[in-house]
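# Fold and contact review
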Amino acid sequence: MEQQPYTDSTELLADRARLAGRLADDGYLYLRDVLPEAEVARVRHQVLALAAEAGWLREATTTGTSQPTGVDLPAVDVEAVARCPGPTRQAVQKAMWCLRDLHALLHSTSLLTVLEALLGEPVLVHPRKVLRFVAPERSSVVSGWHQDYPGVQGSPRTLTAWTPLAPVTPDTGGLAIVPRSHRDGVLPLRLCAGTIVGWETDVPVDVVHSGPMNPGDVLVFTAHTVHGGSPNTGGLRLSADCRYQPLSEPVCRDCVELDDGDWDDVYRTWPGQGRDDPLAHYWRELPLDIVAYDPRADVAREREAIAAGRRHDPAAARALQVTAEHSADPAVAAEAAALLRALA
Ligand SMILES: O=C(O)CCC(=O)C(=O)O
Ligand SMILES: [Fe+2]
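Looking at an unreviewed UniProt entry, the protein chain carries the name Phytanoyl-CoA dioxygenase PhyH, with the source organism given as Saccharothrix carnea. You can read under Sequence similarities (unreviewed entry) in the UniProt record for the protein chain the words "Belongs to the iron/ascorbate-dependent oxidoreductase family."

Have a look at this one:
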């Protein structure tokens, strides 16, 4: 697998047609200095404050952890994060994700201008944003090669923006992109025990684009571009991602509604509990075509994981665990749990 640096498309920002042409050719854009650095730093400090409160950080130092760009990041106390009981860890991550400034950052005018230029029409910013707090050793399980479309559904023209909240170095790894991988629609998957979802895109990966990134830089890629998080052997990797689509196209309900709790729980942490806040429930004013999530591909994958489990295929371990925890069919979940125990 050949590693090459991202193609820097920053200078195409002034030329909408060439910018859109580059995205259509390569399946992604690497753009420097799109987001205001002070706004990124504000979110980073708030996330780090929550991490410190949870006891997840070692003493902040100004030596040793200094990154090349001069951002001083405290080191993560990996053992403390590992010791943290699951529900507490989820609560801390949820508190990070709820931060109003995180949501506001992903609505920044400078970023929306780029996405409107690329989509050529009014844009829906997906309400469900993602914050990733990746401690070094957690990265033995990576996001793995995948396309966003099967999970996001709705408009196939959806674009993802991925942005680091702290510098991405070769050690922390960032988001690797398989250039020109977006041209053949939805690609097949294969079982893979080392990824978060238990599957990865089943295509040969010859060339990968990656590289260091600074706060303010953004990667934009299509819903069919193959990409995945790189292993993190360094310090904390902090990033945010969000999806943007043409407002006129269908959007999947799961990109708008939360699985656990409702949006008012999120806004409870916002100033004035989000009352009269233009960022709260903003999509309710918009003429959305909301469609149901189509579970057929997930169901087929659950069946495949079960079949592989019955063959004692160790590659099915993670997919069986996900099926055991999340299948909508209790009999399938129970069989997945039993097959997983048999594999161990
Ligand atoms: O940061 C990662 O590990 C994965 C991010 C990703 O898959 C995305 O933003 O769509
Ligand atoms: Fe993704």
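## Some thoughts on the pairing of strand β2 (residues 28-31)
Residues Tyr-28 and Tyr-30 point to one face of β2 and Leu-29 and Leu-31 to the other, with burial holding for every one of them. Relative to strand β10 (residues 218-222), β2 is paired through 4 bridges, and the arrangement is antiparallel. Paired with Tyr-30 across the bridge in β10 is Leu-219.

## Description of the layout of surface pockets
In this structure, the second largest pocket occupies an estimated 260 Å³ of space. Considering only residue class, the lining of the second largest pocket consists of 9 nonpolar, 11 polar and 1 charged.

## Side note on the coordination of the iron ion (ligand 2)
Taken together, His-146 (NE2), Asp-148 (OD) and His-227 (NE2) make up the protein donors of the iron ion (ligand 2), found 2.1 Å from the metal. Each donor residue of the iron ion (ligand 2) lies on the same chain, and together they follow the pattern H-x1-D-x78-H. Of this pair, His-146 sits in the loop between β4 (130-134) and α7 (149-152) while His-227 sits in strand β11 (residues 227-229); the two residues are 81 residues apart in sequence, bridging distant segments of the chain.

## Some thoughts on empty space enclosed by the protein
Taken as a whole and judged by the stated rule, the model has 1 cavity of 30 Å³ or more. Lining the largest cavity are His-103, His-107, Pro-127, Lys-129, Trp-263, Tyr-267, Trp-270, Leu-279, Tyr-282 and Trp-283. Looking at side-chain class alone, the lining of the largest cavity contains 7 nonpolar, 2 polar and 1 charged residues.

## Points about the site of ligand 1
Lining the immediate environment of ligand 1, one finds 13 residues, of which Ser-143, His-146, Asp-148, Trp-162 and Arg-243 sit closest. Within the side chain of Asp-148, one N or O atom sits 2.9 Å away from an oxygen atom of ligand 1. The separation between an oxygen atom of ligand 1 and a polar side-chain atom of His-227 is 3.1 Å. Relative to its unbound accessible surface of 290 Å², ligand 1 loses 96% to contact with the protein. Mapped by element, the contributors of at least two residues to the shell around ligand 1 are β5 (159-164), β11 and β12 (237-246). No other element matches the 3 residues that β12 contributes to the shell around ligand 1. Looking at side-chain class alone, the shell around ligand 1 contains 3 nonpolar, 5 polar and 5 charged residues.

## Some details on helix α2 (residues 37-53)
When the terminal C-alpha atoms of α2 are compared, their 24 Å separation across 17 residues agrees well with the 24 Å that a helix rising 1.5 Å per residue should span. By the burial criterion, the buried members of α2 are Val-40, Ala-41, Val-43, Arg-44, Val-47, Leu-48, Leu-50 and Ala-51. Those residues of α2 that are buried are in contact with α4 (86-98), α5 (100-105), β4, β5 and β12. Positioned one or two residues after α2, Gly-55 has a phi angle of 80°, which is positive.

## Notes on the nonpolar core
Counting residues in hydrophobic clusters, the biggest one holds 67 residues, and the most contacted among them are Met-96, Phe-133 and Tyr-244. Tyr-244 has contacts with Leu-106, Leu-111, Leu-112, Leu-115, Leu-119, Val-123, Leu-124, Val-125, Arg-157, Thr-158, Leu-159 and Ala-161, leaving out every residue within four places of it along the chain.

## Let's talk about the packing of aromatic side chains
Taken as a whole and judged by the stated rule, the model has 8 aromatic pairs. Between the aromatic rings of Trp-97 and Trp-263, the centroid separation amounts to 5.8 Å while the plane-to-plane angle is 40°, which identifies the pairing as tilted. Of the two residues, Trp-97 sits in helix α4 while Trp-263 sits in helix α8 (residues 263-267), which places them 166 residues apart along the sequence. Its relative accessible area of 12% is what places Trp-97 among the buried residues. A relative accessible area of 3% means that Trp-263 is categorised as buried. Taken together, the ring pairs in this structure connect Trp-97, Trp-263, Tyr-267, Trp-270, Tyr-282 and Trp-283 into an aromatic cluster.

What counts, and at which threshold
Residues numbered from 1 in each chain as written. Chains lettered and ligands numbered in written order. Predicted model: local features only at pLDDT ≥ 70, side-chain atom pairs only at ≥ 80, totals over all residues. Heavy atoms only, no water. UniProt positions renumbered as here; feature names shortened; annotations may be inferred. Buried < 20%, exposed > 50% of the residue type's maximum accessible area, 1.4 Å probe, protein only. Helix = DSSP H or I, 4+ residues; strand = E, 2+ residues; numbered from the N terminus. Pairing = 2+ DSSP bridges. 1 Å grid on protein atoms, 1.4 Å probe; cavity = no way out; pocket = protein on both sides within 12 Å on 5 of 7 lines; lining within 4 Å. Points joined across faces, edges and corners; volume = space filled by probe spheres on them. Nonpolar A, V, L, I, M, F, W, Y, C, P; charged D, E, K, R; others polar. Donors = N, O, S within 2.8 Å, 3.2 Å for Na, K, Ca; no water. Near = heavy atom within 4 Å. Polar contact = N/O pair within 3.5 Å; in protein donor to acceptor, adjacent residues only side chain to side chain. Areas by Shrake-Rupley, 256 points an atom, 1.4 Å probe, with all protein chains shown as cover. Expected span 1.5 Å × (residues − 1). Contact = heavy atoms within 4.5 Å. Core = buried A, V, L, I, M, F, W, Y, C linked by side-chain atoms within 4.5 Å. Phe/Tyr/Trp six-rings, centres within 6.5 Å; stacked < 30°, edge-to-face > 60°.

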